[in-house]
Amino acid sequence: MTKPLTAQDYTRRLSRVATYIYAHLDEPLDLEKLAEIACFSPFHFHRIYHAAMGETVAETVSRHRLQRAAMHLARGARPIADIARHAGYSSPAAFSRAFRAAYGRPPAAFRAERLSSFTP
């Protein structure tokens, strides 16, 4: 069992990492850099992060990038290929697969659904 002060310290450290991830979504985010921000070894950071957050760093980054992509899709006509590239995917097909897995529908259908809900 973790001591209360240790849990608070870990929470504070992981909060710094979460803030950094969100502020740097357009950059490569490697485990070593994030571990350094949290003041943990990479191995320990990976274990602590996964236990506390319920997902790996890569899953967190992917989830945030897909959420941002969903906002872009819902807000307008920016080409899906551009949104895919901005989300870090090498091809629209890879983006479409990941988006469908996360949102249950392909990006174009998601966009059409969102835009139709705003039509008077």
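Please refer to the structure higher up on the page.
All figures in this text were calculated on a predicted structure; none of them were measured in a lab.

So, how was this worked out
Residues numbered from 1 in each chain as written. Predicted model: local features only at pLDDT ≥ 70, side-chain atom pairs only at ≥ 80, totals over all residues. Heavy atoms only, no water. Axes fitted to C-alpha atoms, helices over the stretch in contact; angles between N-to-C directions. Helix = DSSP H or I, 4+ residues; strand = E, 2+ residues; numbered from the N terminus. Parallel < 35°, antiparallel > 145°, perpendicular 65-115°, else oblique. Contact = heavy atoms within 4.5 Å. Nonpolar A, V, L, I, M, F, W, Y, C, P; charged D, E, K, R; others polar. Phe/Tyr/Trp six-rings, centres within 6.5 Å; stacked < 30°, edge-to-face > 60°. Buried < 20%, exposed > 50% of the residue type's maximum accessible area, 1.4 Å probe, protein only. Lys NZ or Arg CZ within 6 Å of the ring centre and 35° of its normal. Salt bridge = Lys/Arg side-chain N within 4 Å of Asp/Glu carboxyl O.

> Help me out: how do you make sense of the packing of helix 4 (residues 57-75) against helix 6 (residues 92-103) in this one?
Any two packed helices are characterised by how steeply their axes cross, that is the angle between the axes, and by the distance between the axes. Running from N to C, helix 4 and helix 6 point in directions that differ by 95°, and their axes come no closer than 11 Å. It follows that helix 4 is roughly perpendicular to helix 6 by the angle criterion. Contacts from Leu66, Gln67, Ala69, Ala70 and Leu73 in helix 4 reach Phe95, Ala98, Phe99, Ala102 and Tyr103 in helix 6. The residue inventory of the contact of helix 4 with helix 6, partitioned by class, reads nine nonpolar, one polar and no charged.

> For this particular structure, what's the right way to read the packing of aromatic side chains?
Aromatic ring pairs: the centre-centre distance and the angle between the two ring planes describe each pair. A full pass over the atoms with the stated rule returns seven aromatic pairs. Where Phe99 meets Phe110, the ring centres are 5.1 Å apart and the plane angle is 75°; that geometry is what we call edge-to-face. Residue Phe99 is located in helix 6, and its partner Phe110 is located in helix 7 (residues 107-117); the two are separated by eleven residues in the primary sequence. Taken as a pair, Phe99 and Phe110 share a single burial class, namely buried. Clustering of aromatic rings is evident, with ring pairs tying together Tyr89, Phe95, Phe99, Tyr103 and Phe110. When the ring centre of Phe40 is taken as origin, the NZ or CZ atom of Arg13, which lies over that ring, is 4.4 Å away.

> Any chance you could explain the pattern of salt bridges here in plain terms?
When their charged atoms lie close together, side chains carrying opposite charge are able to pair. By the definition in use, this model includes six salt bridges. A salt bridge links Asp26 to Arg68; the shortest N-O distance between them is 2.8 Å. Of this pair, Asp26 sits in the loop between helix 1 (4-23) and helix 2 (31-38) while Arg68 sits in helix 4, placing them 42 residues apart in sequence. In this structure Asp26 comes out as exposed when scored by relative accessible area, which is 54%.

By themselves, these observations are geometric and do not establish any function.
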